[in-house]
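# Structural description and commentary
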Amino acid sequence: MRNLIISKKLVFLITVLLVISITLAGCGGQNDSNASGQKQSNAPMQIAFFVWTSTPITDFDPSVEFSNGVVTLNNIYETLLRYDPLEKKFKPVLATDYNKSEDGLTWNFHIRKGVKFHDGTDLNAEAVKFSIERTIKLGKGASFIWDPVKEINVKDEYTVEFKLKYPAPMDLIASSAYGAFIMSPTAVKSNPEGWLTQGHEAGTGPYKLESFQMGQEVVLTKFDDYWGGWEGKHFDKAIIKKVPETATRRQMLEKGEVDVTRDLPYEDVEALKNNQNVVVETGPSFENLLMLFNTDKKPLDNKLVRQALSYAFPYDDVVKYAMGGYATQARGAVPYGLWGHGENLFQYKYDLEKAKELLKQAGYPNGGFKLLLTYVAGDEAEKKTAELYKSELSKLNIELEIRAMPWESQWEMARDKDPNKRQDIFTFYWWPDVPGPYTYLYNLFHSQDEIVFNLAYWENREFDNLVDEGSRQSGIDMTKAEELFIKAQEILVEEAPAIFIYDKQYIKIFNKSLKGYKDNPAYPNVVFFYETYREK
């Protein structure tokens, strides 16, 4: 406990000193004239400060990162298009427009002229081809989104052509929150392998990487030659920082030391609604919470046990007490509001008698086993969910150990080569890369040669075939594709490799002086700092 108190104080002190030092540094650069005698702006430097429970990024390589770096990378790099799932519209970003052939197998994107990379080189069709081919070749992160691509051709300096193996929604793929970033070929080729991962970048976005402390903080500074220009109100810098202690995040927000935070306990959310200096807004999301069973270990290799544990889960209590009502019980793996969601899928309900009956059939009439559940430290909703579940499992004589871990450690344990050294139940959220059912079904449950996010370690060839065929059909016949994805989820629910807990609502909690902040569920948790500004 003493270490925890010291840690909180230390984090708070470091944060305050950081804000002061950066602000002073900014003020230090606001002389009336520079060395060349040019007039400088006297306007105070504007800094946006975003704190949340997770590390700002796990890998700086935009072809590799497939985790919490979604916020950082979407401010440094850009994609050809950006998708608004609420308006069902595409916004041109690095592509000004696009077209496709009648058979859906050829797509042409016209690349924006006058765009500079952060290294000073120009964006063109060759750079787009290089970036996508690099991501495909590396085969990491969300590279699977480009599976439909047969070849990429440069038609002229500002036109790139995608030839597909089968029809696919390339506009959605090119808008993905992961794996679709365009990078400078010059910067990447002129540096050794691993240069990006080591903390360098080569984007076109409005902000450059200024500094970072791996696992803790990223500082971004504006790119003066950004193609969008800097007329109007914008932030000069943005800080993305990990502050796992919820009390510290709330305190920083109430004192006006940070602009945005997320994932506070719902008691805090309700209290902050009465703070006139804080704005609390809710909106739709495509993010859901799951608990994945380790199907490689006994007794969770038994479907009856998994079904029993699904019946023992207190869904209503979790939605009410862990989420404060800002969620709905999930129905299958694809969240409500997204195509591929199965409104008529079977839904487990809390039923301890049914759970006992299934345990008896499985050979565990009196329970009598122990399970280890892991979750991300600092996430109060996950913590409360786990505690509520522990209470119910104890009624079945099942002992649940709950272990809070930093995300990196939790994920590392889950990918241990020895199944017996892994957790029994892995708790985590999933949000989309390309907004559609494929990302939930392929990444979490499709057979994998190398474990990435199938952390239930579950394999089912019939399920795999349905998901693969659904993906191929999605560019030809969306209705047929949706039928296949829902049929795959019927297998999933029956086999119960996971508990599908809830589909969450997004809760934005931010300083009232922050303007222009809009949530886009296709880019979960991302604050597009260029679109925000401060207004007292």
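Residues numbered from 1 in each chain as written. Predicted model: local features only at pLDDT ≥ 70, side-chain atom pairs only at ≥ 80, totals over all residues. Heavy atoms only, no water.

### With respect to the overall build of the chain
Rules: Think of it this way: any DSSP run of H or I at least four residues long counts as a helix, any run of E at least two long counts as a strand, and we number them from the N terminus. Radius of gyration here is computed from C-alpha atoms only, and the compact-globule reference equals 2.2 Å multiplied by the residue count raised to the power 0.38. Only protein chains enter the area calculation, which uses a 1.4 Å probe; residues under 20% of their type maximum are buried, those over 50% are exposed, and those in between are partly exposed. Note on definitions: a residue-residue contact is assigned when non-hydrogen atoms from the two residues lie within 4.5 Å. To be clear on the numbers: accessible area is Shrake-Rupley with a 1.4 Å probe, and residue cover counts the displayed protein chains and nothing else. Under the convention used here, Asp and Glu are negative, Lys and Arg are positive, and both His and the chain ends fall outside the count. For charged residues, the charge sits on one atom: NZ in Lys, CZ in Arg, CG in Asp, CD in Glu.
Helix and strand content of the chain: 15 helices and 21 strands. Over its C-alpha atoms the chain spans a radius of gyration of 24 Å, differing by no more than 12% from the 24 Å that the globule rule assigns to 536 residues. Considering only C-alpha atoms, the chain reaches an extent of 85 × 60 × 40 Å along its principal axes. Classification of the 536 residues of the chain by burial places 57% in the buried group. Taking the intrachain contacts of the chain between residues at least 6 apart in sequence as the baseline, contacts between residues at least 24 apart amount to 70%. Per element, the accessible surface of the chain, about 22900 Å² overall, is 48% carbon and sulfur. Side chains of the chain give 63 positive and 76 negative charges; the mean places of these two sets differ by 3 Å.

### Section: the sheet that holds strand 17 (residues 425-430)
Strand pairing within a sheet occurs via backbone hydrogen bonds; the two strands may be parallel or antiparallel. What counts here: Here a strand pair is declared whenever DSSP counts at least two bridges between the two strands. Axis lines are fitted through C-alpha atoms, for helices just across the contact stretch, and the angle between N-to-C directions can take any value from 0 to 180 degrees.
One open sheet holds the 6 strands; their spatial order is 14-18-13-17-15-16, and the pairing between them is mixed. Each having just a single partner strand, strand 14 (327-329) and strand 16 (399-405) make up the two edges of the open sheet. Averaged over all pairs of adjacent strands, the angle between strand axes in this sheet comes to 25°, irrespective of strand direction. Each of strand 13 (288-293), strand 15 (370-376), strand 16, strand 17 and strand 18 (498-504) is contacted by helix 11 (residues 380-394), which is oriented at about 170° to strand 16, the strand it contacts most.

### With respect to the sheet that holds strand 10 (residues 237-242)
With mixed pairing, the 7 strands of this open sheet are ordered in space as 8-9-10-1-11-19-12. The open sheet has two edge strands, strand 8 (207-213) and strand 12 (278-283), and neither has a second partner.

### Thoughts on the packing of aromatic side chains
Stated formally: Aromatic rings from Phe, Tyr and Trp, with only the six-membered ring used for Trp, were paired whenever their centres fell within 6.5 Å, and each pair was classed as stacked if the ring planes differed by under 30 degrees, edge-to-face if by over 60, and tilted otherwise.
According to the stated counting rule, one finds 42 aromatic pairs in the structure shown. Geometrically, the ring pair formed by phenylalanine 109 and phenylalanine 162 is edge-to-face, given 5.6 Å between the ring centres and 80° between the ring planes. Of the two residues, phenylalanine 109 is situated in strand 5 (residues 106-111) and phenylalanine 162 in strand 7 (residues 159-164); the sequence distance between them amounts to 53 residues. Here phenylalanine 109 matches phenylalanine 162 in class, with each residue buried.

### With respect to the confidence of the model for the chain
Heads up, the condition is: Values of pLDDT, which run from 0 to 100, indicate the predictor's confidence residue by residue.
Per-residue confidence for the chain averages 90 on the pLDDT scale, and 92% of its residues sit at or above 70. Across residues 1-39 the pLDDT falls below 50, and counting only partners more than four positions away or on other chains, this stretch makes 37 contacts in the model.

### Some words on unusual backbone geometry
Each neighbour pair has its own omega, and for lysine 298 with proline 299 the value is 0°, a cis peptide bond. Topologically, proline 299 is positioned in the loop between strand 13 and helix 8 (303-311). Phi at lysine 88 is positive, roughly 55°, even though this residue is not glycine. Among the secondary structure elements, lysine 88 is positioned in the loop between strand 2 (81-84) and strand 3 (89-92). A positive phi angle, close to 50°, is found at alanine 496, a residue other than glycine. Looking at the element boundaries, alanine 496 is found in the loop between helix 15 (478-495) and strand 18.

### Details of the pairing of strand 3
In the sheet, strand 2 pairs with strand 3 via 4 bridges, with the strands oriented antiparallel. Among the inter-strand pairings, aspartate 84 is bridged to a residue of strand 3, identified as lysine 89. The antiparallel hairpin formed by strand 2 and strand 3 contains 4 residues in its connecting segment, where lysine 88 sits at a positive phi of about 55°.

### Observations concerning the pattern of salt bridges
Quick note on the threshold: In what follows, salt bridge is the name for a side-chain nitrogen of Lys or Arg lying within 4 Å of a carboxyl oxygen of Asp or Glu.
Per the counting criterion, the structure on display carries 31 salt bridges. Aspartate 147 is the partner of lysine 165 in a salt bridge, and the nearest nitrogen-oxygen pair spans 3.7 Å. In this pair, lysine 165 is assigned in the loop between strand 7 and helix 4 (170-173) and aspartate 147 in the loop between helix 3 (125-138) and strand 6 (149-156), connecting sequence segments 18 residues apart. By relative accessible area, aspartate 147 is classed as partly exposed at 39%. Here aspartate 236 and lysine 222 are joined by a salt bridge, their closest N and O atoms 3.8 Å apart. Linking aspartate 236 in the loop between strand 9 (217-222) and strand 10 with lysine 222 in strand 9, this pair joins segments that are 14 residues apart in sequence. One network of salt bridges, in which partners are shared, links Arg82, Lys91 and Glu531.

### Observations regarding the side chain of threonine 532
Quick note on the threshold: Whenever a nitrogen or oxygen atom comes within 3.5 Å of another N or O atom, the pair is scored as a polar contact, on the condition that within protein one atom can donate a hydrogen and the other can accept it, and that pairs from neighbouring residues in sequence are kept only if both atoms are in side chains.
Secondary-structure assignment places threonine 532 in the loop between strand 20 (514-515) and strand 21 (533-534). There is a polar contact of 2.8 Å between the side chain of threonine 532 and the backbone oxygen of phenylalanine 529. With sequence-adjacent residues up to four places away left out, threonine 532 is seen in contact with Lys233, His234, Phe235, Leu514, Lys515, Gly516, Tyr517 and Val527.

### Concerning helix 12 (residues 407-414)
Heads up, the condition is: Of all possible arcs, the one meant is that of the directions from the helix axis to the C-beta atoms.
Looking at helix 12, one finds that the buried residues are Trp407, Gln410, Trp411, Met413 and Ala414. Seen along its axis, helix 12 keeps its buried residues to an arc of 160°; they face one direction. Those residues of helix 12 hidden inside the fold are in contact with strand 15, strand 16 and strand 17.

### Overview of the packing of helix 13 (residues 437-445) against helix 14 (residues 461-473)
Here is the rule: Each crossing gets its handedness from the near helix: less than a right angle anticlockwise from the far helix is left-handed, clockwise is right-handed. Here the nonpolar group is Ala, Val, Leu, Ile, Met, Phe, Trp, Tyr, Cys and Pro; Asp, Glu, Lys and Arg are the charged ones; every other residue, Gly included, is treated as polar.
Axis separation between helix 13 and helix 14 bottoms out at 10 Å; the angle between their running directions is 145°. As for the relative orientation of helix 13 and helix 14, their crossing is left-handed in sense. Of helix 14, the residues touching helix 13 (which contributes Tyr438, Leu441, Tyr442 and Phe445) are Phe463, Asp464, Val467 and Ser471. Across the contact of helix 13 with helix 14, the residue classes break down as 6 nonpolar, 1 polar and 1 charged.

### A closer look at the packing of helix 13 against helix 15
Where helix 13 meets helix 15, the axes come as close as 11 Å, and the angle between the chain directions of the two elements is 35°. Crossing geometry of helix 13 relative to helix 15 is assigned as left-handed. Touching Pro437, Tyr438, Leu441 and Phe445 of helix 13 are Phe485, Gln489 and Leu492, all from helix 15. Here the contact of helix 13 with helix 15 is built from residues that sort into 6 nonpolar, 1 polar and no charged.

### Points about helix 9 (residues 315-322)
Quick reminder: α-helices carry 3.6 residues per turn. Residues three or four places apart thus point the same way. Taken together, the buried positions of helix 9 are occupied by Tyr315, Val318, Val319 and Ala322. Looking straight down helix 9, one finds its buried side chains confined to an arc of 110°; they lie on one side. Across helix 9 from its buried face, at more than 90 degrees, point the exposed residues Asp316 and Lys320. Along its buried surface, helix 9 packs onto helix 7 (266-272), helix 8, strand 14, helix 11 and strand 18. The first or second residue beyond helix 9 is glycine 324, which carries a positive phi of 60°.

### Let's talk about the nonpolar core
Worth spelling out the cut-off: Residues belong to a common nonpolar core when they are buried Ala, Val, Leu, Ile, Met, Phe, Trp, Tyr or Cys residues joined through side-chain atoms within 4.5 Å.
With 170 residues, the main nonpolar core has Leu80, Phe109, Phe162, Tyr389, Phe445 and Tyr502 as its most contacted residues. No other element matches helix 15, which puts 7 residues into this core.

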